[in-house]
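Coordinate analysis (summary)
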Amino acid sequence: MTTISLRIEFGGGLELLFSNEKRHTLTLPSIVSSDNNSKTSADALSGVNTKPADVEYLVFYLRDHLLQERPELFMEGKTVRPGILVLINDTDWELEGEGEYVLQNNDEIVFISTLHGG
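Residues numbered from 1 in each chain as written. Predicted model: local features only at pLDDT ≥ 70, side-chain atom pairs only at ≥ 80, totals over all residues. Heavy atoms only, no water.

So, the sheet that holds strand S7 (residues 84-88)
Put simply, the rule reads: Strands are treated as partners if at least two bridges between them are detected by DSSP. Each helix corresponds to a stretch of at least 4 residues labelled H or I by DSSP, and each strand to a stretch of at least 2 residues labelled E; elements are numbered beginning at the N terminus. Note on contacts: a residue pair is in contact if any heavy atoms of the two residues lie within 4.5 Å. In this analysis, axes come from line fits to C-alpha atoms, helices being fitted only over the stretch in contact, and the angle between any two N-to-C directions falls in the range 0 to 180 degrees.
Strands sit in the order S2-S1-S9-S7-S8 across an open sheet of five strands; the sheet is mixed. What marks the edges here is a single partner per strand, and that holds for strand S2 (23-29) and strand S8 (91-92). As paired strands, S7 and strand S9 (residues 107-113) are joined by five bridges and run antiparallel to one another. Along S9, the bridge assignment pairs Ile84 with Ser113. Along the sheet, helix H1 (residues 55-65) contacts strand S1 (3-11), S2, S7 and S9; its crossing angle with S2, the most-contacted strand, is approximately 115 degrees.

Take a look at the structure:
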């Protein structure tokens, strides 16, 4: 199974939800379950609908494997909460297709919270 390596960064306070670590390096399968089940092993994908790993899958993977608390502060439905800026290789994800962007080896994905209490 082919894999892709990603650099993930959190800012604006989001890192507090991810073990207070701003930077993570991940290795993900390049082909994943189309239902975004990040707990499905690569060996269990035969007979399952698949798709290339995309940002939508990455968000589910982060929730299921790295998020330590309060998933409602990171996700809403199948995407990140409003108020979280997502950059793909320093470009706003809205210009890249948002969750449908197919991840490439060595991509850098940055999540920045723009919401602050006061």
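Some words on the nonpolar core
Spelled out, the test is: Only buried residues count toward a nonpolar core. Its members are Ala, Val, Leu, Ile, Met, Phe, Trp, Tyr and Cys residues joined through side-chain atoms within 4.5 Å. A simple rule labels every residue: compare its accessible area, found with a 1.4 Å probe on the protein chains alone, to the largest value its type can have, and call it buried under 20%, exposed over 50%, or partly exposed in between.
Counting 31 residues, the largest nonpolar core has Ile8, Leu58, Leu62, Phe74, Leu103 and Phe111 as the members making the most contacts within it. Those elements giving two or more residues to this core turn out to be S1, S2, H1, S7 and S9. If you tally residues by element for this core, the top one is H1, at seven residues.

A word on the environment of Pro71
Inspection of the secondary structure puts Pro71 in the loop between H1 and strand S5 (75-76). In the structure, Pro71 is positioned 24 residues away from Gly47 in sequence and 30 Å away in space, judged by C-alpha atoms.

Concerning the packing of aromatic side chains
Here a ring pair, both rings aromatic, is described through the centre-centre distance and the interplanar angle of the planes. Basically, it comes down to this: Paired rings are identified among Phe, Tyr and Trp, the last through its six-membered ring, by centres lying within 6.5 Å, and are further divided according to the angle between planes into stacked (under 30 degrees), edge-to-face (over 60) and tilted (the rest).
The full count for this structure, using the stated rule, is six aromatic pairs. For the pair Phe10 and Phe18, a centre-to-centre distance of 3.9 Å together with 10 degrees between the ring planes defines the contact as stacked. Summarising the burial analysis for this pair, Phe10 and Phe18 share the class buried. Where Phe18 meets Phe74, the ring centres are 5.2 Å apart and the plane angle is 80 degrees; that geometry is what we call edge-to-face. Here Phe74 lies in the loop between H1 and S5 and Phe18 lies in the loop between S1 and S2, a separation of 56 residues in the sequence. Summarising the burial analysis for this pair, Phe18 and Phe74 share the class buried. An aromatic cluster is built from Phe10, Phe18, Phe74 and Phe111, whose rings are joined through pairwise contacts.

Considerations on the pattern of salt bridges
Opposite charge on two side chains permits them to pair, given that their charged atoms come into close proximity. Here is the rule we go by: Each reported salt bridge corresponds to a side-chain nitrogen of Lys or Arg within 4 Å of a carboxyl oxygen of Asp or Glu.
Counted according to the given criterion, the structure contains five salt bridges. Here Arg23 ties to Glu9 by a salt bridge, and the two come within 3.7 Å at their closest N and O atoms. One end of the pair, Arg23, is in strand S2; the other, Glu9, is in strand S1, and 14 residues separate them in sequence. Look at Arg23 and you get exposed, because its relative accessible area is 59%. Overlapping salt bridges bring together Lys51, Asp54 and Glu56 as one network.

The quantities given are spatial measurements derived from coordinates; they are silent on function.
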